[in-house]
Amino acid sequence: MNLMMLLEMAVSGFGEREAVRSGSEALTYEQLFAAAGAAAERLAASGCEHAAILDVNSLAVPVTLFASAWAGRPFVPLNYRLTDGELSALAERIAPSLLIAAPERAASLAALPGASVVDRETLLAGTRGAVAREPSWAMEGDDIAILLFTSGTTGAPKAAVIRHRHLVSYVLGSVEFGGAGEDETALVSVPPYHIAGMAAITSSVYAGRRIVQLPAFSADAWVETARRERATHAFVVPTMLARIVDLLESQGDATLPELRAISYGGGKMPLAVIERAMKRLPEASFTNAYGLTETSSTIAVLGPDDHRAAASSSDPAVRQRLASVGRPLPSVEVEIRDARGRCVAAGEHGEVFVRGEQVSGEYLGRGSTIDAEGWFATRDGGFLDAAGYLFLDGRIDDVIVRGGENMSPGEIEEVLLAHEAVADCAVVGIPDEQWGEAVAAAVVLASGREVNVEALQQWVRDRLRSSRTPQRIVFRAELPYNETGKLLRRRVKAELLEES
Amino acid sequence: MARLKTGTRLRSAVCSTQVMIVAAPDAEVELTCGGHALIDAAATPGEDLALSPDAAKGTTLGKRYVSPDGKLELLCLKAGQGTLALAGAPLALKEAKPLPSSD
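These remarks concern the structure in this document. It should be emphasised that the depicted structure is a prediction, and the values quoted were computed from it without experimental measurement.

The rules behind each value
Residues numbered from 1 in each chain as written. Chains lettered and ligands numbered in written order. Predicted model: local features only at pLDDT ≥ 70, side-chain atom pairs only at ≥ 80, totals over all residues. Heavy atoms only, no water. Helix = DSSP H or I, 4+ residues; strand = E, 2+ residues; numbered from the N terminus. Rg over C-alpha atoms; globule rule 2.2 N^0.38 Å. Buried < 20%, exposed > 50% of the residue type's maximum accessible area, 1.4 Å probe, protein only. Contact = heavy atoms within 4.5 Å. Pairing = 2+ DSSP bridges. Salt bridge = Lys/Arg side-chain N within 4 Å of Asp/Glu carboxyl O. Axes fitted to C-alpha atoms, helices over the stretch in contact; angles between N-to-C directions. Left-handed = near helix turned anticlockwise from the far one by under 90°. Nonpolar A, V, L, I, M, F, W, Y, C, P; charged D, E, K, R; others polar. Parallel < 35°, antiparallel > 145°, perpendicular 65-115°, else oblique. Polar contact = N/O pair within 3.5 Å; in protein donor to acceptor, adjacent residues only side chain to side chain. Core = buried A, V, L, I, M, F, W, Y, C linked by side-chain atoms within 4.5 Å. Domains from an automatic or database assignment. Buried area = accessible area lost by both parts, 1.4 Å probe.

Right, let's talk about the overall build of chain B for a bit. When its secondary structure is counted, chain B shows zero helices and 12 strands. Helices (α) and strands (β) of chain B occur, in sequence order from the N terminus, as β-β-β-β-β-β-β-β-β-β-β-β. A globule of 103 residues ought to have a C-alpha radius of gyration of about 13 Å, and chain B, at 13 Å, matches this closely. C-alpha extents for chain B along the principal axes are approximately 50 × 25 × 25 Å. Counting across all 103 residues of chain B, residues that qualify as buried make up 42%. The contacts in chain B between residues at least 6 apart in sequence include a share of 57% that link residues at least 24 apart.

With that settled, consider the sheet that holds strand 5 (residues 31-33) of chain B. Each strand in a sheet pairs with another by means of backbone hydrogen bonds, the pair being arranged parallel or else antiparallel. Residue and element names in this part refer to chain B. The antiparallel open sheet is built from four strands, whose spatial order is 6-5-10-11. At either margin of the open sheet sits one strand with a lone partner, and together these are strand 6 (36-37) and strand 11 (89-90). Strand direction decides the pairing type here: strand 5 and strand 6, joined by two bridges, are antiparallel. Paired with Thr-32 across the two strands is Ala-37, which belongs to strand 6.

Turning to the pairing of strand 17 (residues 350-356) of chain A, a few remarks are in order. Residue and element names in this part refer to chain A. Across the seven residues of strand 17, five count as buried, placing the element largely inside the fold. Bridge count for strand 16 (residues 332-337) against strand 17 is six bridges, and the pairing is antiparallel. What sits directly across from Glu-335, in strand 17, is Phe-353.

Moving on to the pattern of salt bridges. Residue and element names in this part refer to chain A. Using the criterion set out here, one finds 44 salt bridges over all chains in the structure. With its nearest N and O atoms 3.8 Å apart, the salt bridge here joins Asp-371 to Arg-337. In this pair, Asp-371 sits in the loop between strand 19 (367-368) and strand 20 (376-384) while Arg-337 sits in strand 16, placing the two residues 34 residues apart along the sequence. Of the residues examined, Asp-371 reaches a relative accessible area of 29% and is grouped as partly exposed. Linking Arg-476 and Glu-495 is a salt bridge whose minimum nitrogen-to-oxygen distance equals 3.9 Å. A residue pair is termed long-range when its members are at least 10 positions apart, and Arg-476 in strand 26 (residues 472-476) and Glu-495 in helix 16 (residues 489-499) qualify at 19 residues. With a relative accessible area of 28%, Glu-495 lands in the partly exposed category. Residues joined by salt bridges that share partners form a network here, namely Glu-18, Arg-21, Arg-210, Glu-224, Arg-228 and Glu-229.

All names here are of chain A. Helix 2 (residues 29-46) packs onto helix 1 (residues 3-14) with a crossing angle of 145° between their chain directions and a minimal axis gap of 8 Å. Taken as a pair, helix 1 and helix 2 cross one another with a handedness that is left-handed. Contacts between helix 1 and helix 2 pair Met-4, Leu-7, Glu-8, Ala-10, Val-11 and Phe-14 from the former with Tyr-29, Glu-30, Leu-32, Phe-33 and Ala-36 from the latter. By residue class, the composition of the contact of helix 1 with helix 2 is nine nonpolar, no polar and two charged.

So, about the packing of helix 1 of chain A against helix 7 (residues 164-174) of chain A. Packed helix pairs are characterised by how far apart their axes lie and by the angle those axes make with each other. All names here are of chain A. For the pair helix 1 and helix 7, interaxial distance at closest approach is 8 Å and the crossing angle is 40°. Viewed along their axes, helix 1 and helix 7 adopt a mutual orientation that is oblique. When helix 1 is examined against helix 7, the residues Leu-3, Met-5 and Leu-6 are found in contact with a partner set consisting of His-164, Leu-167, Val-168, Val-171 and Leu-172. Split into classes, the residues belonging to the contact of helix 1 with helix 7 amount to seven nonpolar, one polar and no charged.

To continue, consider the environment of Thr185(A). Residues and elements named next belong to chain A. Its place among the elements puts Thr-185 in strand 9 (residues 185-188). For Thr-185, a relative accessible area of 3% gives the class buried. Engagement of the side chain of Thr-185 in a polar contact is seen with the side chain of Arg-210, the distance being 3.0 Å.

Once that is clear, we can look at the environment of Arg210(A). Residues and elements named next belong to chain A. Note that Arg-210 resides in strand 10 (residues 210-213). A C-alpha to C-alpha distance of 30 Å links Arg-210 and Gly-252, two positions 42 residues apart in sequence. Excluding its chain neighbours within four sequence positions, the residues that come into contact with Arg-210 are Glu-18, Ala-19, Arg-21, Tyr-29, Glu-184, Thr-185, Ala-186 and Glu-229. Of the polar contacts made by the side chain of Arg-210, one reaches the side chain of Glu-229; its length is 3.0 Å.

Attention now moves to the nonpolar core. All names here are of chain A. Membership of the largest hydrophobic core comes to 122 residues, with the highest contact counts inside it found for Trp-222 and Phe-286. Mapped onto the domain boundaries, this core takes at least three residues apiece from domain 1 (3-306) and domain 2 (307-397). When neighbours within four sequence positions are excluded, Trp-222 is seen to be in contact with Leu-187, Ser-189, Leu-214, Phe-217, Ala-234, Val-236, Ile-244, Leu-256 and Leu-259. Listed in part, the 20 residues of the second largest apolar core include Leu-87, Leu-90, Ala-91 and Tyr-193.

Bringing the interface of chain A and chain B into the picture now. Between chain A and chain B, the residue contacts involve 32 residues of the former and 19 residues of the latter. Together chain A and chain B conceal approximately 2,000 Å² of surface at their shared face, both sides included; 61% is due to carbon and sulfur atoms. Inspection of the region where chain A meets chain B yields three salt bridges. Among the salt bridges present, the one from Lys78(B) reaches Glu8(A), with a minimum N-O distance of 3.2 Å. Elements with a minimum of two residues in the side of chain A that touches chain B: helix 1, helix 7, helix 8 (195-207), strand 11 (233-236), strand 13 (285-292) and strand 14 (297-302) of chain A.

For the rest of this paragraph, the subject is the side chain of Arg64(B). Residue and element names in this part refer to chain B. Tracing the backbone through its elements, the reader meets Arg-64 in strand 8 (residues 64-66). Accessibility expressed as a relative area gives 16% for Arg-64, which makes it buried. In this structure the side chain of Arg-64 is engaged in a polar contact, spanning 2.3 Å, whose partner is the side chain of Glu-73.

By themselves, these are just geometric observations and shouldn't be taken as functional.
Shown next, in the form of structure tokens:
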């Protein structure tokens, strides 16, 4: 098994079709294959052990991804928002590496330890017009395909190991070969260092769905590109969708009639945002995808039919499913376990465990965290309802323990968000002498609205147990998110502690 | 007869068919295409072999082929004229249930 096999099949099936476009430049599947072969030769000749890239979405991303697979070197997409100091620490861990860089960063990255820097345009220039090489990649599924440094919201970045067999299994289990129509175009705006960016490339290539890359996300550029390129499919994280809907609403009755499938994931989607999006884009179907880096992307989906059924049902249990992440993929099993490791019944909360060929659960230097039966502990809390829909409570590490009572921030946040004056909020635990931990909340007010602390406390007390009422509430202009929409709770907490 | 390993690539000895083993039974099996045993993808087929006329229904790129018990599953990487068969019995085309695009 090798990722290159997916591209090779696309070449056999529909090689002359456009595979990927970035602005005015594009590659067909045949050209992408030829470019990957040429770049693989360069990589093999370099003597480097890893192929890293520090770039926005550009043609160099798929070219280097497939070249790495061909040459048998792990592909390491790096976050272009990291400081030189942070990058230096990561570069040491993957030395010696060939580092493909955005031209404006190439010079400053030359000092990184163990990195031979090649700027993106030089790499691409060397692959233009390349003749397709004979396939020569290893079919070793155990070889490492991608090393992804996790966002590090809970400490120093860990390098998640994704082997060829994980990602290929994911694609084979969730995508039909050549299943996309010739008119289909996926707009890819998630950064290349996110697992969703990697999954978007491999899945689209296998489906035969043209990729249009957005170098970096902004709502204006996204909407403009979606219109110009007649995008039919797109994956977005919740913060992106919120900004897109804001923009469309500010443009009067603007819609995107070509866009027929929007999938979202990467963080909790506020109910209000998805409901607004469904109203604003009635032609589009919505899919919620839940997955982790360690599971090679998606493991559960709430599909378009589920969305429609939930939005139009009078049954509260069915309506509630709009807040779920749907049901596991057919190729994946999900279990909920209690703190002692026993499976719990439907409706009971616990930790989400997952098993399947696509699940890697491995970190560089730390080995696999998968147990003897193949199960991976996600560290996400949640429950399955009677029909098998998976609901998430949030990260287990974020659970607040107040006087022996466990509470998940998500439940309290949902109640706060239901208040008309609350636009966004984050609930965290802060140290408390009496209770061990106390509940605190940072709240962003909706524009033009006002509410005081006492009224918000009363609002929560009326709807949840009084122990879950935030003891402290502060107001903020905005909350800290990373660029892929993940709320940085540690920062919220640190700022609260600094002020007290 | 051969024991198959998941993830390996094999080719037909008599047509252009190439497959990858997606799932394999834990036993020695007789896997053929066009009436002749599949060989390693890098191997050169013998010249005296010919496509068997009663095993020439063809393979389709990107389709999955499964044995009746589901223990053997192949993915077609290159199409050809031969019929894939396990111990002489043709493998069935596996119908894929479409999933919503999540990427």
